Amino acid sequence: VQLQASGGGLVQAGGSLRLSCAASGRTFSSYVMAWFRQAPGKEREFVGGISPSGGYTYYTDSVKGRFTISRDNAKNTVSLQMNSLEPEDTAVYYCAARYNNILTISRAYNYWGQGTLVTVSS
């Protein structure tokens, strides 16, 4: 599967942004989808993931209650709605895909989008 992330940009603290990830291929609904992010000088970290059916989501603690992942299997897309953004959320955001269960380690994911930059100003 090929992934392409979009929707990044500059936003003020407290604002919202919605990222999208478009996938190619006919088996999108078989994949766990996840979002990771990487801030300058830091390791890539797990943000959240969604099950193939969309019925289960899991988030890292720092974004719970602020970020929401959703997917549309008919359109082969997964989205990350980010609310109440903080300067600490500034990073390049990546979508990723794998089979089976949601895992929080980046090396478990086989497919990656190119990343989209989110900058939150204070």
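Since this is a predicted model, take the numbers as computed values, not measurements.

Criteria and thresholds
- The numbers attached to residues start from 1 for each chain and follow its sequence in the written order.
- Under the rules for a predicted model, residues below a pLDDT of 70 receive no local features and side-chain atom pairs below 80 are neither given nor counted, while totals for whole chains, interfaces and linings still include all residues.
- Excluded from the side-chain calculations are hydrogens and water; all other atoms, namely the structure's heavy atoms, are used.
- When DSSP finds at least two bridges between two strands, those strands are taken to pair.
- Only runs of H or I of at least four residues qualify as helices and only runs of E of at least two qualify as strands under DSSP, and these elements are numbered from the N terminus.
- Accessible area is worked out with a 1.4 Å probe on protein chains only. A residue is then buried under 20% of its type maximum, exposed over 50%, and partly exposed in between.

(A) Structural context of the pairing of strand β8 (residues 77-82). Sheet topology places strand β3 (residues 17-23) next to β8; 6 bridges connect them, and they run antiparallel. Paired with R18 across the bridge in β8 is Q81.

(B) Molecular detail of unusual backbone geometry. Although it is not a glycine, S84 adopts a positive phi angle of roughly 50°. Turning to its location among the elements, S84 is positioned in the loop between β8 and β9 (91-98). Take S84: its relative accessible area is 40%, and that puts it in the partly exposed class.

(C) View of the pairing of strand β11 (residues 116-121). What you see with β11 is a clean split: T116, V118 and V120 sit on the buried side and L117, T119 and S121 on the side with no burial. Sheet analysis places strand β2 (residues 9-12) next to β11, joined by 4 bridges and oriented parallel. The residue bridging L10 from the neighbouring strand is T119, located in β11. Pairing between β9 and β11: 3 bridges, direction antiparallel. Bridge pairing in β11 places Y93 opposite T116.

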